[in-house]
Amino acid sequence: MLYVHGGQDDTYITYWAAHSFSETGLPLNYNGELVEQSSSLGLVVLLGGLRAITRLDVPLLGWMVSLGLFVWSVLLVNRLARRFVAPGAARWFAAAAGTVPCYAYWSTSGMETPLVVVASLLALSELSRVAVEPVRGWRAHARSFTSFFVLASARPETPLLAVGLVAVAAVWTASAGRLSRSASSLVSCLAGVAALVGLRLALYGQWVPNPASIKQHGFDPIGGLFYLLHAAAVSNPILLAVGLLGAGVVLSRLIRRLRRAGGDEEGVPEDLEGARRKVLLVLLSALAGAYLAFMVASGGDWMRGGRFFALLAPSLVLLSAALAGMATSPRVPRMLGVTLLLTHLVTSVHFLRTERPEGRLLTTAFAAVEKVRPRVDAAFWSFELTNKVHARDAVLGSELAPLVRRASEALGRPVTLMSGQAGLVAFHTFRENPGRARLIDMWGITDRKLLDCLGSRAFKYSIIGASISVNNALSGLAERGEACGLGGLPDIYFNETLKPQHMTALALHGYMVVYHQTGSVMNASSERWFPSQNTAEGHIAVRADLARALGLAPAKPWKWDLDPE
């Protein structure tokens, strides 16, 4: 209700891979090549498979699946919390998991966030089972394999996370003298991870997605630490404390376990449910420690709203339930669950005010759609236009798509586009112009050809990826583009902000700016308590000779005036 449709346009990078998977059976990039442009192969296959069956549009499926996985994750927290606390208290923790501000927000984005949460919880549940119970039959092994294959496919870091969780479970079972009974099941879990890595190597020739291989050069632990502290502060600082406590729990319990390894007496009946509960607590703690370390080591995320913290937040709520269940008083779990829920209701308001989310409030969402609708193509869904960034890009994309069609017909060949924006604008343009365009990606996320052509020294690296100035990109293409197979200068350049240095570079290389939107996309004046604005900047530049052939003229800037009252 608070966000309707949140997040940045990067989700459309995944949407295109899913779209191509449904059409060709392979997750291809915009240029029809085997480059893994999405960070979530699992989400690509899920959405692509659903589109092949239903023929529904991928953005609609992505939004619906994201919300459905969010509901599933809340139900999973409720079910797993009952291992530690009474059913009445478990419901409070489930409600708290669903109201963590960053998680609720990113669950409306269509990105992989709720998939990672669901896959993590299912994998933890499966691993806590196989670590204490002897597993027989191919169905049980297939379940272990599938659980960890899905987890490994959810995000770039999850294969390492999955292996780490299996290692913790193996140490735990070995210290109890159960490793021989659980070995085959643990191997099935690892086989799921190995299958995912093998699939990536077979398809793409590398074991991590292309965006991850580009962004790894920008890791910054100091920036990651500040990112973690900020993300926890705007969602719930209690959860960070729980995660740190959990990391201490897993270390102390594993050390204590190893010291008395082999001490269990053979033949003594086991309390399987109690054993599973202990293993699940250790695994939750290990998950918390691993993801907190990842957030710091990776340098965090450039997107506002604590996206990386959202991947862990529901598991931290479940870990809170596990720790509360150790209290002697039965009232402690219920009190903690209620406290977390109330805290999240308060921090949700704080989140709206400080993070300036891209999604609009439901109270003004439909009015915003009515304002934007006349300026955009009919292909856009109304829910997409409730997002301020998507609305901005929908306007730009509605200008670019028909221009690409005209240019391709005039040239008699596919149009070469260059941009650092490979999300919604590129998705819409390529969907509306199959076979009429190819993309040179200035950030190297969806295609590495420009980076390989100009060399890594021409680029700067950060948590966003690789970046290069407009002038350096155009100069490099003019000099080496033909030799690199990129065809020299692109026919059309589009991007977000148009600064004086950009205009100078474009004019120097013979381009005409034929479309230019400026200003800011704002919340409605009635939402003054939630100040939020996103840049409305966007522009399209065409080679001057091509522009003249198409009858185009230099654009006068248009200032965004499509905000609701």
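In what follows, the structure referred to is the one given above.
What counts and what doesn't
- Residues numbered from 1 in each chain as written.
- Predicted model: local features only at pLDDT ≥ 70, side-chain atom pairs only at ≥ 80, totals over all residues.
- Heavy atoms only, no water.
- Axes fitted to C-alpha atoms, helices over the stretch in contact; angles between N-to-C directions.
- Helix = DSSP H or I, 4+ residues; strand = E, 2+ residues; numbered from the N terminus.
- Parallel < 35°, antiparallel > 145°, perpendicular 65-115°, else oblique.
- Left-handed = near helix turned anticlockwise from the far one by under 90°.
- Contact = heavy atoms within 4.5 Å.
- Nonpolar A, V, L, I, M, F, W, Y, C, P; charged D, E, K, R; others polar.
- Pairing = 2+ DSSP bridges.
- Buried < 20%, exposed > 50% of the residue type's maximum accessible area, 1.4 Å probe, protein only.
- Polar contact = N/O pair within 3.5 Å; in protein donor to acceptor, adjacent residues only side chain to side chain.
- Salt bridge = Lys/Arg side-chain N within 4 Å of Asp/Glu carboxyl O.

Quick look at the packing of helix 6 (residues 113-130) against helix 8 (residues 158-175)
Thinking step 1. Direction vectors running N to C along helix 6 and helix 8 enclose 20°, while the axes themselves pass 11 Å from each other. Regarding the angle of helix 6 to helix 8, the classification is roughly parallel. The crossing of helix 6 and helix 8 is right-handed. Residues Val-116, Leu-124 and Leu-127 of helix 6 lie in contact with helix 8, whose contacting residues are Thr-158, Leu-165, Val-166 and Ala-169.
Thinking step 2. Looking at the contact of helix 6 with helix 8, its residues break down into six nonpolar, one polar and no charged.

Regarding the sheet that holds strand 10 (residues 558-559)
Thinking step 1. Here six strands make up an open sheet; going across it, the order is 2-1-5-9-6-10 and the pairing mixed. The open sheet has two free edges, formed respectively by strand 2 (437-441) and strand 10, since each of these has just one partner strand.
Thinking step 2. Along the sheet face, helix 19 (residues 424-432) touches strand 1 (415-419), strand 2 and strand 5 (492-495) and points at about 160° away from the line of strand 2.

Structural notes on the pairing of strand 5
Thinking step 1. What you see with strand 5 is no split at all: Ile-492 and Phe-494 on one side and Tyr-493 and Asn-495 on the other are buried throughout.
Thinking step 2. For strand 5 and strand 9 (residues 538-543), the ladder comprises four bridges, and the chain directions are antiparallel. From the neighbouring strand, Ile-492 faces strand 9, where its bridge partner is Val-542.

Digging into unusual backbone geometry
Thinking step 1. Residue Arg-55 is not a glycine yet carries a positive backbone phi of 65°.
Thinking step 2. Following the sequence through the fold, Arg-55 ends up in the loop between helix 2 (41-54) and helix 3 (58-81).
Thinking step 3. Backbone geometry at Arg-356 places phi at a positive 50°, although glycine is not the residue there.
Thinking step 4. Here Arg-356 shows up in the loop between helix 15 (331-355) and helix 16 (362-372).
Thinking step 5. What makes Arg-356 partly exposed here is its relative accessible area of 34%.

Notes on the side chain of Glu-358
Thinking step 1. Structurally, Glu-358 is set in the loop between helix 15 and helix 16.
Thinking step 2. In terms of polar contacts, Glu-358 uses its side chain to reach the side chain of Tyr-105, at 2.2 Å.
Thinking step 3. Every residue in contact with Glu-358, bar those within four places of it in the chain, is listed here: Gly-7, Gln-8, Tyr-105, Arg-304, Thr-386, Asn-387, Lys-388, Val-389 and Asn-534.

Digging into the pattern of salt bridges
Thinking step 1. Counted according to the given criterion, the structure contains 21 salt bridges.
Thinking step 2. Between Arg-129 and Glu-126 there is a salt bridge; the shortest N-O distance is 2.3 Å. Taken as a pair, Arg-129 and Glu-126 lie in helix 6 at a separation of three residues, close to a single helical turn.
Thinking step 3. Judged by relative accessible area, Arg-129 falls into the buried class, the value being 11%.
Thinking step 4. Taking the shortest distance from any N to any O, the salt bridge between Arg-360 and Asp-563 comes out at 3.2 Å. Of this pair, Arg-360 sits in the loop between helix 15 and helix 16 while Asp-563 sits in the segment after strand 10; the two residues are 203 residues apart in sequence, bridging distant segments of the chain.
Thinking step 5. Arg-360 gets classed as buried once you look at its relative accessible area, which sits at 3%.

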